[in-house]
Amino acid sequence: MAVAVGAGGALGAAHVGVGHALEQRGFRPDMIIGTSVGALNGAIAAAHPGRAAPWLEHVWTRLRRRDVYQPGFPASRAGIFTDRGLRRLIARAGLPARIEEPAVPFTAVAMNLVTGAPALLHRGDLTTALLASAAIPGLLPPVGREGRTLVDGGVIAYVPVPAALRAGAAGVVVVVVVPTGPESSPLPATAPPRRAGAVASPAGLLLMHRPFERDLAEVSRRLPTVVLPTGRDVWPAPWDFRRSRRLIEAASATAGRFLDDLRVSGPGLYRAEDGPAAAAAAGHSAAAPATTRRAPRLTPARAGL
């Protein structure tokens, strides 16, 4: 089982809830591929398989914006904030020095700032790989690595689904996608906006949503591709860490019930048919079990765990 973990800043707390659901059911991935905050969470899960979620929950529920985004003194020319906060978080995580060393094979996804090409980081220093994958352009400084200038992989792969294939997931039973944020949820039907801000927001959402759906369609033609729900259709800002506990609890309950109901047989896209808003409109809770269209049950043993 390959797990692709997406970007999203403070929304990465939802990854922790999904991690709880997977760990409680005995799932252990064969590989983890992460972008941005998904690389940070994914590296910790890879280094501590089966027991990362409780530690991550402890960290996330105490995390504040100033812990991550710290202004430079003087301000860095390459970013508004320094990477001191991220370095401290990484140092506290008990990670190995090199990216090849976690118990579960791990790849961080960044972007080459010169060419725009994805950079799959699976060898060498782990700390700089994580800093590169999370280097939001303009906010955090780029990272020089192996002669390349690297920035946040979320720019080109909000959820690194194709990167899972390139990292070797073709021989794995299923690709499990852990998304965050409205970009990776079904888009609601709304009336055409009339004001400038209201026009820009959905346009930006579509700009990120369409590549994600295209990537899912491409990979699911070759492999079973499971999109785990997070139980949210209203999200805080990516820099707002105050709602981490709510994100964790919603994702844990929703993903857990989805996994309990999941049936997988062959390539295809497996996701909740209805988002949280639709479930609520039908008189159900946002964490109601999702229905899937395939059998038999996907179990830890069947997934090679």
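One can find the structure itself at the top, above this paragraph.
Draft legend 1. Quick peek at the overall build of the chain. If you tally the helices and strands in the chain, you get 10 helices and 11 strands. Relative to its 305 residues, the chain shows a buried fraction of 51%. The contacts of the chain with a sequence gap of at least 6 include a subset with a gap of at least 24, amounting to 76%. Only carbon and sulfur atoms are counted for the fraction: they give 55% of the accessible area of the chain, which is about 14,000 Å².

Draft legend 2. Focus on the layout of surface pockets. The volume enclosed by the largest pocket comes to roughly 800 Å³. For the largest pocket, the lining is made up of 45 residues, of which A7, G8, G9, S36 and V37 are closest to its centre. Broken down by secondary-structure element, the contributors of at least two residues to the lining of the largest pocket are α2 (37-47), α3 (52-60), α5 (84-91) and α8 (196-220). Along the lines of polarity and charge, the residues of the lining of the largest pocket split into 37 nonpolar, 5 polar and 3 charged.

Draft legend 3. Examining the pairing of strand β10 (residues 224-227) more closely. Burial along β10 is two-sided: P224 and V226 and T225 and V227, pointing in opposite directions, are all buried. With 3 bridges connecting them, strand β9 (residues 175-178) and β10 associate as parallel partners. Residue pairing for β10: V177 is matched across the bridge by V227. Bridge count between β10 and strand β11 (residues 268-270): 3 bridges; the pairing is parallel.

Draft legend 4. Layout of unusual backbone geometry. A positive phi angle, close to 60 degrees, is found at S36, a residue other than glycine. Inspection of the secondary structure puts S36 in the loop between β2 (31-35) and α2. Under the relative-accessibility criterion, S36 is labelled buried at 6%. Unlike most non-glycine residues, E146 shows phi in positive territory, near 55 degrees. Take E146: it is sitting in the loop between β7 (143-145) and β8 (148-152).

Draft legend 5. Molecular detail of empty space enclosed by the protein. Counted by the stated rule, this structure contains 1 cavity of 30 Å³ or more. Of the pockets and cavities examined, the largest cavity occupies roughly 300 Å³. Lining the largest cavity are 22 residues, with G19, L22, E23, I32 and A45 positioned closest to its centre. Looking at which element gives the most residues to the lining of the largest cavity, the answer is helix α1 (residues 13-24), with 6 residues. Looking at the lining of the largest cavity residue by residue, the class counts come to 15 nonpolar, 5 polar and 2 charged.

Basis of the calculations
- All residue numbers here refer to positions counted from 1 along the written sequence of the relevant chain.
- Two thresholds apply to this predicted model, a pLDDT of at least 70 for residue-level local features and 80 or more for giving and counting side-chain atom pairs, whereas whole-chain, interface and lining totals are computed over all residues.
- Calculated side-chain values reflect all of the structure's heavy atoms, with hydrogen atoms and water omitted.
- Runs of H or I in DSSP of at least four residues are treated as helices and runs of E of at least two as strands, each being numbered from the N terminus.
- For every residue, the accessible area obtained with a 1.4 Å probe (protein chains only) is divided by the maximum for its type, and the residue is called buried under 20%, exposed over 50%, and partly exposed between those limits.
- We call two residues in contact whenever any of their non-hydrogen atoms come within 4.5 Å of each other.
- Each accessible area is a Shrake-Rupley result for a 1.4 Å probe, and residues are judged covered by the shown protein chains and nothing else.
- Grid points spaced at 1 Å and placed over the protein atoms alone form the basis of the search, with a cavity being a set where a 1.4 Å probe fits but cannot get out and a pocket an open set showing protein on both sides within 12 Å along at least five of seven lines. Lining residues have an atom within 4 Å of a point.
- Grid points are joined across faces, edges and corners, and a volume is the space filled by probe spheres set on the points.
- For this classification, the nonpolar set comprises Ala, Val, Leu, Ile, Met, Phe, Trp, Tyr, Cys and Pro, the charged set comprises Asp, Glu, Lys and Arg, and every other residue, Gly included, is treated as polar.
- Strand pairing is assigned whenever DSSP detects at least two bridges linking the two strands.

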